[in-house]
Amino acid sequence: RDSPYPFGHPPDDARGAHNSLNLRRVHDLRAIMLAHNDFKPMWITEFGYTTQATRETTAVRVSEEEHERYLVRAYELVRNEMPFVELFGVWNLSRGLSSEDEKAGYSLLRADGSLKPAYAALQGVWQEPLVTRLQKAFTRAVTAPKTSDAFIVLARDARVHLGDSEHPEPWVPIYKTRNPSPTWTGEFYLRASDLHSAPRDQMWRLTMELMQVNDFNTRVLVNDQPVTPPYLPTEDFSTMWSQAEFLIPPEILRVGRNTVTLHAGKLFPAFQHLDYTWDDFQVRQVIVWRPSAR
């Protein structure tokens, strides 16, 4: 969650402009999240401009016309530049407040309850006519897709369990009727543009969330080739999700179908017994990351 107030500055300002906060600082926060393998969607819970000067807001006051124009443009920027933002909240709706109450200036309503121009303008943006939506859908259909940096192999809400245990959900092997289930293969697809636009001297990355890997020989492969490191990291019996990252040599990737394979190892000798010989673990949120051009 974030509240990227621009404090009177236009929403189009570049990241870091004025050496202060603005809308596009959201990109900086996103970069920090990705650097720590945090891929959750973001919410902009509060955003707005004030049209009323108080002791605290004189320097950041905008006119009602700017209020309208800036809010509409901010929404457009978030929608077009920030696909990771799933909620955009404009603050606020209030009336009858004191002229010295900062909430009054940020409201889409005046003190008497009448609408500021931004109110109707945002309604128009959020409720696009059917013709406009159809035109945009047609444009997306005929326009070449942009090169992606992330290729989701397994979503966060889809868990895979490998092994041979007979425990209740979610520790039932993936194939359920086949025990053991030591191998899982996921797929992702690459276009020629995905490969050609990536620096050839940089490794691609593979990230995933794991729970309770205990064997030293549980392998991870991309297109049946080992990655670095070639084994899943061992954990413990804490039943907590942990992040793992691997490097993929670019030369083993190809245009079209590519695969990520996890193969559970046989438990190390101290733990082996007749009815429990394969490592039991879960995996989710498997993502392949294209390196960005310098």
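Cut-offs applied
- Residues numbered from 1 in each chain as written.
- Predicted model: local features only at pLDDT ≥ 70, side-chain atom pairs only at ≥ 80, totals over all residues.
- Heavy atoms only, no water.
- Helix = DSSP H or I, 4+ residues; strand = E, 2+ residues; numbered from the N terminus.
- Buried < 20%, exposed > 50% of the residue type's maximum accessible area, 1.4 Å probe, protein only.
- Contact = heavy atoms within 4.5 Å.
- Areas by Shrake-Rupley, 256 points an atom, 1.4 Å probe, with all protein chains shown as cover.
- Pairing = 2+ DSSP bridges.
- Lys, Arg positive; Asp, Glu negative; His and termini not counted.
- Salt bridge = Lys/Arg side-chain N within 4 Å of Asp/Glu carboxyl O.
- Polar contact = N/O pair within 3.5 Å; in protein donor to acceptor, adjacent residues only side chain to side chain.

Peer 1: Would you take a moment to explain the overall build of the protein chain for this structure?
Peer 2: The helix and strand tally for the protein chain stands at six helices and 11 strands. Considering the protein chain as a whole, with its 294 residues, one finds that 42% of them fall into the buried category. Across the protein chain, the fraction of contacts at a sequence separation of at least 24, relative to all contacts at a separation of at least 6, is 67%. For the protein chain, the accessible area works out to roughly 16,100 Å², and carbon and sulfur atoms hold 55% of it.

Peer 1: When you look at the pairing of strand β11 (residues 281-289) in this model, what are you seeing that I'm missing?
Peer 2: Each regular strand displays side chains that alternate between the two surfaces of the sheet. With nine of nine residues buried, β11 is to be regarded as a mostly interior element. One ladder, built from four bridges, connects strand β3 (residues 150-154) with β11; its direction is antiparallel. Across the sheet, Leu154 pairs through a bridge with Val286, a residue of β11. Two strands pair when backbone bridges link them, and strand β4 (residues 160-162) and β11 are joined in this way by three bridges, in the antiparallel orientation. Of the residues in β11, the one forming a bridge with His161 is Gln282.

Peer 1: Just to check I follow, could you spell out the side chain of Asp280 for this structure?
Peer 2: Take Asp280: it is sitting in the loop between β10 (256-263) and β11. An unpaired buried charge is present at Asp280: no salt bridge exists, and Lys266, the closest side chain of opposite charge, is 12 Å distant. Engagement of the side chain of Asp280 in a polar contact is seen with the backbone nitrogen of Asp164, the distance being 3.3 Å.

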